[in-house]
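Chain residues, written in single-letter form:
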Amino acid sequence: MLELEDIQSGVLRPRPTPYAATYIALRIDERDAGRELIRRTTRVITSAANPTSPLADTSVSVALTHEGFKALGVPQESLDSLSWEFRQGMRARARDLGDTGESAPDNWEAPLGTGDVHVVIVVVSPDEERLEAALEPARKAYRQMSGIEAIWRQNCHALPTETEPFGFRDGISHPAIEGSGIPGSNPKEEPLKAGEFVLGYPDEMGGVQKTVPDVLGRNGTYVVFRKLHQRVAEFRRFLKSHSESPEAEELMAAKMMGRWRSGAPLALCPFHDDPTLGADPKRNNDFVFQADDPAGFKTPCGSHIRRTNPRDARIAGMARIHRMIRRGTAYGPLLPEGVLEDDGNDRGLMFAFVGAHIGRQFEFVQSEWINDGIFFGGGDDKDPITGSNSDGGWFTVPRKPVRKRFQGIPHFVVTRGGEYCFMPGLRALRWLADLQT
Ligand code: HEM
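What comes next is a walk through the structure. From a predicted model like this one, the values you see are computed outputs, not experimental measurements.

Focus: the overall build of the protein chain
Argument step 1. What the protein chain contains, in helices and strands, is 14 helices and 11 strands.
Argument step 2. By the compact-globule yardstick of 22 Å for 437 residues, the protein chain fits well, its C-alpha radius of gyration being 21 Å.
Argument step 3. Each of the three principal axes of the protein chain carries a C-alpha extent, and together these read 70 × 45 × 40 Å.
Argument step 4. The 437 residues of the protein chain split such that 59% are buried.
Argument step 5. When contacts within the protein chain are restricted to residue pairs at least 6 apart in sequence, those whose partners lie at least 24 apart make up 72%.
Argument step 6. Counting only carbon and sulfur atoms, one obtains 51% of the accessible surface of the protein chain, whose full area is about 17900 Å².
Argument step 7. Positive and negative side-chain charges of the protein chain, numbering 54 and 60 respectively, have mean locations separated by a distance of 2 Å.

Here it is in structure tokens:
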């Protein structure tokens, strides 16, 4: 069984819908102040115990970067026991992640990727009121403390459409995790071993990740934050210019995502949207691909959801070892419906990955599945929505009698920055606060 009372609730529990959320980045200038901050935050962090209680809809979580661990004086031997990718940090991994050109770290929003972000506090709640109520004690934890500086904040909120900025229902598909008590969203998916998402437990490969000392890693996990700017007007213009009617436009959008904007999956309703199905959490993720649609006539193999989770589809490799928990929250104002010109506002997604293996989960999906198509026989076709299509990408829609190839897919999602973090268990936070080095 998972030690839920020691795991931060943000790790396992899906965010509520609707939601209000905030990300606060802090820099530790003095080691003792950093330890005191961690001590204070342990008092406001919610654990994953009682994961299905409505109260658990509001959560405060804390995560640290490698630089943050160093600023707290974590011994070298302990740092060395954490994952290699985490120790490198996202900036150093940019090329492999496809963060080049406009998405390159030199163009990131400061202080992301500068080494100054040490601690990230995330508060998620069903509405602004409860967000503020949860934020206040968290604020108190660092207010009037010298030696700690809040250096960045990103507010996020559900859009009035309750979709991500391109207009699709988000937050649908989640893996089930053995021993978590939280059901997955696809009844056809076997629950994954806890070690895929939390350190200290066996994973799908039979391994158990250990750290030095054991308490540092146990019940903790890696979290990848990415601020992803979305070019909504450009996405709309692309759909319009490649479709002959509003219906064709919606179908084109659905083919790129693998779901209609309502959330209804093409796998279950390939020809027409079904908003009731899209809104039904018992049905909207209840499907696999291989038996019914091996070639992607319904859900193109290159669509966003099929390439980021090929489920049972025949691919090179094994899909189960690349699963991830996602915690995306939207930022910026809605671009009003029908507007085709950019209004200059920054809008997009604060993407958050949670998992025990940054390398074979997040990085693999980003580099091999989103930014390459070889694994499903799609050559170098990238994800038509989130791929680094800076030089004009390709997207193939299998059709009879002949497939349709779209050329010159623009770069719809630009990376504004991000950090690799570790979200320790509650005992580990107390261990960090009590360090004597
Ligand atoms: C701005 C960028 C992105 C947008 C707008 C976006 C949007 C979406 C939407 C609408 C869904 C379907 C609803 C759902 O299952 O929750 C989805 C699913 C998913 N996305 Fe993204 N996404 C983005 C970036 C990413 C990135 C960077 C990754 C991974 C590195 C990723 C991985 C996934 C996965 C694993 C799923 C679930 C697939 C499934 O199980 O069916 N997404 N995304």
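Thoughts on the packing of helix H9 (residues 232-241) against helix H10 (residues 246-257)
Argument step 1. H10 packs onto H9 with a crossing angle of 120° between their chain directions and a minimal axis gap of 8 Å. As far as their axial angle goes, H10 and H9 are oblique. In this structure, the crossing between H9 and H10 has a hand that is right-handed. Along its contact with H9, which presents Phe235, Phe238, Leu239 and Lys240, the element H10 presents Glu249, Met252, Ala253 and Met256.
Argument step 2. For the contact of H9 with H10, the per-class residue count stands at six nonpolar, no polar and two charged.

Looking at the environment of leucine 277
Argument step 1. If you trace the backbone, leucine 277 turns up in helix H11 (residues 275-278).
Argument step 2. For leucine 277, a relative accessible area of 4% corresponds to the buried category.
Argument step 3. Non-local contacts of leucine 277, meaning those with residues more than four positions away in its chain, are made with Ala264, Pro265, Leu268, Cys269, Arg283 and Asn284.

Some details on the packing of helix H2 (residues 31-42) against helix H14 (residues 426-433)
Argument step 1. Interaxial distance between H2 and H14 falls to 8 Å at its minimum, and their mutual angle equals 150°. Taken together, the axes of H2 and H14 are roughly antiparallel relative to one another. In this structure, the crossing between H2 and H14 has a hand that is left-handed. Together, Arg35, Ile38, Arg39 and Thr42 of H2 and Leu429, Arg430, Leu432 and Ala433 of H14 make up the contact between the two elements.

A few points about the pairing of strand E2 (residues 59-64)
Argument step 1. Counting buried residues along E2, six of its six residues qualify, which places the element largely inside the surrounding structure.
Argument step 2. Neither face of E2 is exposed, since Ser59, Ser61 and Ala63 on one face and Val60, Val62 and Leu64 on the opposite face are all buried.
Argument step 3. Alignment of E2 against strand E3 (residues 119-125), held across six bridges, turns out to be antiparallel. Along E3, the bridge assignment pairs alanine 63 with valine 120.

Describing unusual backbone geometry
Argument step 1. Of note, the bond from alanine 110 into proline 111 is cis; its omega dihedral lies within 30 degrees of zero at 5°.
Argument step 2. Tracing the sequence through the fold places proline 111 in the loop between helix H6 (94-97) and E3.
Argument step 3. Look at the link from valine 212 to proline 213: it is a cis peptide, with omega at -10°.
Argument step 4. Residues other than glycine seldom take positive phi values, yet asparagine 219 does so here, at roughly 70°.
Argument step 5. Along the polypeptide, asparagine 219 turns up in the loop between helix H8 (214-217) and strand E5 (221-230).

Quick look at the side chain of arginine 13
Argument step 1. Inspection of the secondary structure assignment puts arginine 13 in the loop between helix H1 (9-12) and strand E1 (20-28).
Argument step 2. Reaching out from arginine 13, the side chain makes a polar contact with the side chain of aspartate 57 at a distance of 2.6 Å.

Examining the coordination of the iron atom of the ligand
Argument step 1. Exactly one donor from the protein chain reaches the iron atom of the ligand: His304 (NE2), at 2.1 Å.
Argument step 2. Tracing the backbone shows histidine 304 in helix H12 (residues 304-308).

Some words on the packing of aromatic side chains
Argument step 1. Using the criterion set out here, one finds 18 aromatic pairs in the structure.
Argument step 2. Judged by centre distance (5.8 Å) and plane angle (45°), the rings of phenylalanine 353 and phenylalanine 362 are tilted. Just as phenylalanine 353 is buried, phenylalanine 362 falls in that class too.
Argument step 3. Taken together, the ring pairs connect Phe166, Phe168, Phe235, Phe238 and Phe412 into an aromatic cluster.
Argument step 4. In this arrangement the basic side chain of arginine 261 is found over the ring face of phenylalanine 168, its NZ or CZ atom lying 5.5 Å from the centre.

With respect to the site of the ligand
Argument step 1. In the region of the ligand, 27 residues are neighbours, and Ile172, Ser173, His304, Asn309 and Arg311 sit closest.
Argument step 2. Aspartate 170 places a side-chain nitrogen or oxygen 3.2 Å from an oxygen atom of the ligand.
Argument step 3. If you list the elements that add at least two residues to the shell around the ligand, you get E5, H12, strand E8 (348-355) and helix H13 (358-370).
Argument step 4. Partitioned by chemical class, the residues of the shell around the ligand number 13 nonpolar, eight polar and six charged.

Topic: the nonpolar core
Argument step 1. Ranked by size, the top nonpolar core spans 78 residues in total, and within it Phe69, Met256 and Leu432 carry the most contacts.
Argument step 2. Filtering out sequence-adjacent residues up to four positions away, methionine 256 remains in contact with Phe235, Phe238, Leu239, Ser303, His304, Pro384, Ile385, Phe395 and Phe412.
Argument step 3. Counting residues in hydrophobic clusters, the runner-up holds 33 residues, among them Ala48, Ile182, Leu192 and Ile325.

Cut-offs applied
Residues numbered from 1 in each chain as written. Predicted model: local features only at pLDDT ≥ 70, side-chain atom pairs only at ≥ 80, totals over all residues. Heavy atoms only, no water. Helix = DSSP H or I, 4+ residues; strand = E, 2+ residues; numbered from the N terminus. Rg over C-alpha atoms; globule rule 2.2 N^0.38 Å. Buried < 20%, exposed > 50% of the residue type's maximum accessible area, 1.4 Å probe, protein only. Contact = heavy atoms within 4.5 Å. Areas by Shrake-Rupley, 256 points an atom, 1.4 Å probe, with all protein chains shown as cover. Lys, Arg positive; Asp, Glu negative; His and termini not counted. Charge placed at Lys NZ, Arg CZ, Asp CG, Glu CD. Axes fitted to C-alpha atoms, helices over the stretch in contact; angles between N-to-C directions. Parallel < 35°, antiparallel > 145°, perpendicular 65-115°, else oblique. Left-handed = near helix turned anticlockwise from the far one by under 90°. Nonpolar A, V, L, I, M, F, W, Y, C, P; charged D, E, K, R; others polar. Pairing = 2+ DSSP bridges. Polar contact = N/O pair within 3.5 Å; in protein donor to acceptor, adjacent residues only side chain to side chain. Donors = N, O, S within 2.8 Å, 3.2 Å for Na, K, Ca; no water. Phe/Tyr/Trp six-rings, centres within 6.5 Å; stacked < 30°, edge-to-face > 60°. Lys NZ or Arg CZ within 6 Å of the ring centre and 35° of its normal. Near = heavy atom within 4 Å. Core = buried A, V, L, I, M, F, W, Y, C linked by side-chain atoms within 4.5 Å.

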